[in-house]
Amino acid sequence: MSSTSSLAQHPGKVTGWRLFLKTVIARAYPRVIGQQRDKSWMFFDIVLPLGGVIAYVLVYKAIGAPSEYVGFVVMGGAMTAFWMNVLWSMSSQLYWEKEQGNLALYIMSPNSMMAVLLGMALGGMVATLLRAVAIVLLGSLMFQVQYAITNFFQLLAVFVLAMSALYGMGMMTASLFLLLSREAWHLSNLAQEPIYLATGFYFPIKSLPFWVALGASIIPLTLGMDAMRQLVFPSGFKIGFLSVGVEIGVLMALCVVFLVGAKLLLGYMEKLAIREGRLTEARR
Amino acid sequence: MAESTVASRSTQLATLKSESWRSFKMATWLGWQIESNWADPFLFAIYSIIKPLSGAAILVVMYGIISKGNFSNPLFPYIYLGNAFYIYAGAMMTGVSWAVIDDREHYKTLKYMYIAPISIPIYLLGRGVARFITGSFSVIITVAVGVWLLHVPLDMITANWPLFFLSLFIGVVMLAMMGLLLGSISLLLAHHVGFIGDAVAGALYIFSGAIFPLDVLPAWLRPIGFIMPITYWLELIRRSLIGNVAEAFPTLSGFSNGQLLGILVGLSLLFSIVSIYTFRFCDRRARERGLIDRTSNY
């Protein structure tokens with residue numbers, strides 16, 4: 001049978017990168033549409049988190065910190081939006097999908113779990129980006145944060161690499177949630193404040209002991225934020241943990257490791273979950 | 001005739017009390033089961049310790065960097081204890097409000113709760129008790145670490161324990177009612193406001209004087225702090241535990257303990273009344289719009 005007649009029988013069939021893209025769009029779609037139907041997230045996900053950022057800024061003001069530390073808090077507050085997106089909209093989402101009964105359907109359908117996870121993350125990206133931009137803009141305006149970008153292309157590279165590595169890491173951790181039940185929610189809850197502390201969201205990571213900072217560098221946001229601070233703030237170079245060049249190199253390596261690791265781990269965990277009957281388990 | 005009316009009213013009152021107590025007791029048991037039986041006790045203890053200590057450590061590191069390790073300044077115990085007890089704010093507000101999302105979207109049992117012979121607002125308050133207990137672990141551990149490692153000047157002998165426990169009780173009830181207010185709103189909103197308790201607690205961080213005196217706020221924002229009962233609650237907690245250190249900060253130094261208690265009780269009553277009426281409104285609207293059993297976990 002010729003390929004032309006095959007296509008005629010299955011005109012909508014796609015494979016390869018087209019299937020990947022369609023899956024991403026398909027999974028992002030309900031989230032994007034759902035957010036348009038109930039816009040309360042604009043207040044609870046954007047305005048209220050700004051309060052937490054302002055609180056940390058005012059702590060620095062109360063203890064007489066130099067003005068650039070205000071900028072560190074604003075930047076850290078913006079980056080928490082991405083961490084929360086990875087944590088709740090991607091990693092632990094597979095737990096919700098298992099609860100809903102969708103996980104088995106995802107596994108059965110002929111698509112990539114990475115595409116499903118990426119779709120989840122991108123579906124929440126509108127809210128995430130709005131939150132990050134709102135925090136940066138409003139925080140900068142309210143507290144007159146001064147920026148001095150020394151190299152825009154390096155800054156862009158750092159951001160893209162950090163996000164790629166971060167989402168790759170999110171996909172890897174999502175694979176673990178294939179095996180977990182209610183503990184998934186609690187483990188995600190646990191991965192907030194300790195991560196904020198270890199990765200230096202609100203203070204230079206150089207302030208922590210060297211080996212602690214080095215260990216925390218496995219999380220892409222650690223070196224990503226450190227490099228961004230060095231590139232964005234006038235005195236950033238004084239508080240850098242490693243040089244920007246080294247940090248870009250490490251981020252590139254983390255990208256590769258996490259994305260490849262995500263593919264391998266998702267495949268392995270899927271097989272393990274199927275073998276142990278965990279895909280439809282609902283240990284409530 | 002009058003006697004039968006009195007007897008009927010007594011019966012109704014007894015039934016109401018019985019229903020309320022039954023709702024609260026059952027919800028407390030259920031909430032504790034949900035909060036605790038997802039892990040073995042060791043893992044649960046680790047979880048209960050790491051999260052609050054990390055939150056406190058962020059502030060300790062921030063303070064330590066700028067002050068170059070000068071933890072003897074009275075501002076440090078002010079920040080540390082305020083942050084420690086503020087754990088209750090997030091715990092109680094989330095504990096009560098999250099129960100709506102949890103029951104509606106995950107366990108899909110909210111509709112069954114509505115047709116059961118229980119009182120829904122009492123049930124939601126009962127669900128918050130488990131978070132109060134876990135929050136208490138967190139607070140105790142955070143304060144203990146502060147006293148032991150960071151020399152927070154808390155003296156167990158000179159602390160005003162009667163004032164502390166009275167303030168704590170009023171504060172917890174106040175926070176639970178604020179949680180009920182948020183839970184009411186959650187009845188009308190989709191799943192993505194599951195963290196409404198944490199989000200509101202985070203926002204109120206600014207106005208409660210938890211981690212910096214209200215004087216740091218711009219003058220036009222300070223009135224918001226003065227109408228928040230949490231502000232007075234934290235001030236009373238600090239005064240009961242670290243006495244003179246707390247009173248050194250000028251914001252509320254003009255008020256006596258009795259005056260602060262009176263303000264706290266008054267504002268707590270006000271917020272409680274608002275919560276009760278908000279719940280009634282939101283409950284009615286949710287029923288009218290068929291939201292009690294909807295799922296929005298997309």
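Parameters at a glance
- For every chain, the first residue of the written sequence is number 1, and numbering continues from 1 along that sequence.
- All chains are assigned letters beginning with A, and all ligands numbers beginning with 1, in the order in which they are written.
- With the structure being a predicted model, the display of local features is reserved for residues of pLDDT at least 70 and the display and counting of side-chain atom pairs for 80 or more, all residues being used for whole-chain, interface and lining totals.
- The helix and strand labels rest on DSSP assignments: H or I over at least four residues marks a helix, E over at least two residues marks a strand, and numbering proceeds from the N terminus.
- In this setup the radius of gyration rests on C-alpha atoms only. A globule is expected at 2.2 Å times the number of residues raised to 0.38.
- The burial criterion counts other C-beta atoms lying within 10 Å of a residue's C-beta, which is placed from the backbone; the residue is buried at 20 or more, exposed at 12 or fewer, and partly exposed between these limits.
- We call two residues in contact whenever the C-beta atoms placed from their backbones are within 7 Å.
- All amino acids are sorted into three groups, where Ala, Val, Leu, Ile, Met, Phe, Trp, Tyr, Cys and Pro are nonpolar, Asp, Glu, Lys and Arg are charged, and the leftover types, Gly among them, are polar.
- A fitted line through C-alpha atoms represents every axis, and for helices the fit uses only the stretch in contact; the resulting angles, taken between N-to-C directions, go from 0 to 180 degrees.
- We call two directions roughly parallel when the angle between them is under 35 degrees, roughly antiparallel when it is over 145, roughly perpendicular when it lies between 65 and 115, and oblique otherwise.
- Working rule for handedness: look at the near helix, and if it is turned counterclockwise from the far one by less than a right angle, call the crossing left-handed; if clockwise, right-handed.
- Think of a nonpolar core as buried Ala, Val, Leu, Ile, Met, Phe, Trp, Tyr and Cys residues, each tied to the set through C-beta atoms within 7 Å.
- An arc is given here, and it is the one of the directions from the helix axis to the C-beta atoms.
- Confidence scores here are pLDDT values: one per residue, from the predictor, ranging 0 to 100.
- One less than the number of residues in a helix, times 1.5 Å, gives the span that helix is expected to have.

Here's the deal with the overall build of chain B
Then comes step 1: The helix and strand inventory of chain B stands at 10 helices and zero strands.
Then comes step 2: Across chain B, helices and strands are ordered from the amino to the carboxyl terminus as α-α-α-α-α-α-α-α-α-α.
Then comes step 3: Its C-alpha atoms give chain B a radius of gyration of 21 Å, within 12% of the compact-globule value 19 Å for 298 residues.
Then comes step 4: Classification of the 298 residues of chain B by burial places 46% in the buried group.

Observations regarding the overall build of chain A
Then comes step 1: A count of helical and extended segments in chain A gives 14 helices and zero strands.
Then comes step 2: Overall, chain A shows an N-to-C arrangement of helices and strands of α-α-α-α-α-α-α-α-α-α-α-α-α-α.
Then comes step 3: For chain A, the C-alpha radius of gyration of 21 Å lies close to 19 Å, the compact-globule estimate for 284 residues.
Then comes step 4: Once the C-alpha set of chain A is aligned to its principal axes, its extents read approximately 75 × 40 × 35 Å.
Then comes step 5: Here chain A holds 284 residues, and 50% of them are scored as buried.
Then comes step 6: Of the contacts formed within chain A by residues at least 6 apart in sequence, a portion of 82% connects residues at least 24 apart.

Overview of the interface of chain A and chain B
Then comes step 1: The interface of chain A with chain B comprises 37 residues on the first partner and 38 residues on the second.
Then comes step 2: Elements with a contribution of two residues or more to the side of chain A that touches chain B: α2 (16–37), α3 (41–62), α5 (93–100), α10 (183–190) and α11 (193–198) of chain A.
Then comes step 3: Top contributing element to the side of chain A that touches chain B by residue count: α3(A), with 14 residues.
Then comes step 4: Looking at side-chain class alone, the side of chain A that touches chain B contains 20 nonpolar, eight polar and nine charged residues.

Some words on the packing of helix α2 (residues 41–67) of chain B against helix α5 (residues 120–149) of chain B
Residue and element names in this part refer to chain B.
Then comes step 1: Contact pair α2 / α5: the axes reach a minimum separation of 9 Å and the direction vectors enclose 55 degrees. With respect to each other, α2 and α5 are oriented oblique. For α2 against α5, the interelement crossing comes out right-handed. Where α2 abuts α5, its residues Ser48, Ile49, Lys51, Pro52, Leu53 and Ala56 lie against Thr134, Phe137, Ser138, Ile141, Thr142 and Val145.
Then comes step 2: Split into classes, the residues belonging to the contact of α2 with α5 amount to seven nonpolar, four polar and one charged.

Looking at the nonpolar core
Generally speaking, soluble globular proteins have nonpolar side chains that are buried together.
Then comes step 1: With 172 residues, the main nonpolar core has Val59(A), Tyr60(A), Val73(A), Leu117(A), Ile79(B) and Leu81(B) as its most contacted residues.
Then comes step 2: For this core, the element with the highest residue contribution is helix α3 (residues 75–106) of chain B, accounting for 20 residues.
Then comes step 3: Apart from residues lying up to four places away in sequence, Ile79(B) is in contact with Val59(A), Leu59(B), Tyr63(B), Ile211(B) and Phe212(B).

Observations concerning unusual backbone geometry
Residue and element names in this part refer to chain B.
Then comes step 1: Of note, the phi angle at Lys68 is positive, near 55 degrees, even though the residue is not glycine.
Then comes step 2: By the secondary structure assignment, Lys68 is in the loop between α2 and α3.
Then comes step 3: On the basis of neighbour count, Lys68 is assigned to the exposed category, with 6 C-beta atoms found within 10 Å.
Then comes step 4: A positive phi is found at Lys108, a non-glycine position, where the angle reads about 55 degrees.
Then comes step 5: For Lys108, the position within the fold is in the loop between α3 and α4 (110–115).

Focus: α10(A)
All names here are of chain A.
Then comes step 1: Regarding α10, the residues found buried are Ala184, Leu187 and Ser188. All buried residues of α10 lie within an arc of 100 degrees about the axis, which places them on one face of the element.
Then comes step 2: Next to the buried residues of α10 lie α4 (67–91), α5 and α9 (152–177).

Some remarks on the confidence of the model for chain A
All names here are of chain A.
Then comes step 1: Chain-level statistics for chain A give a pLDDT mean of 85 and a share of 93% at 70 or above.
Then comes step 2: Of all secondary-structure elements in chain A, the lowest mean pLDDT belongs to helix α1 (residues 3–9), at 47, while helix α13 (residues 220–232) reaches the highest, 94.
Then comes step 3: Counting interchain partners and residues more than four positions distant, the pLDDT-below-50 stretch residues 1–8 has one contact.

Observations regarding the environment of Arg131(A)
All names here are of chain A.
Then comes step 1: Of note, Arg131 is situated in helix α8 (residues 125–143).
Then comes step 2: As for Arg131 and Met142, which are separated by 11 residues in sequence, their C-alpha atoms are 16 Å apart.
Then comes step 3: In this structure Arg131 touches Asp45, Ile46, Pro49 and Ala81, once residues within four positions along its chain are discounted.

With respect to the packing of α2(B) against α3(B)
All names here are of chain B.
Then comes step 1: Taken N-terminus to C-terminus, the directions of α2 and α3 make an angle of 160 degrees; their axes are 10 Å apart at the nearest point. The angle between α2 and α3 falls in the class roughly antiparallel. You can see that α2 and α3 cross each other, and the crossing is right-handed. Counted together, Pro52, Ala56, Leu59 and Tyr63 of α2 and Phe76, Ile79, Tyr80, Asn83, Ala84 and Ile87 of α3 form the full contact between these two elements.
Then comes step 2: Grouping the constituent residues of the contact of α2 with α3 by class yields nine nonpolar, one polar and no charged.

Thoughts on α13(A)
Then comes step 1: An ideal rise of 1.5 Å per residue puts 18 Å on 13 residues; α13(A) measures up with 18 Å between its terminal C-alpha atoms.
Then comes step 2: In terms of residue burial, α13(A) counts as a mostly covered element, since 13 of its 13 residues are buried.

A few points about the confidence of the model for chain B
Then comes step 1: For chain B, per-residue confidence averages 89 on the pLDDT scale, and 95% of positions sit at 70 or higher.
Then comes step 2: Overall fold confidence (pTM) sits at 0.85, and the ipTM for the predicted complex is 0.84.

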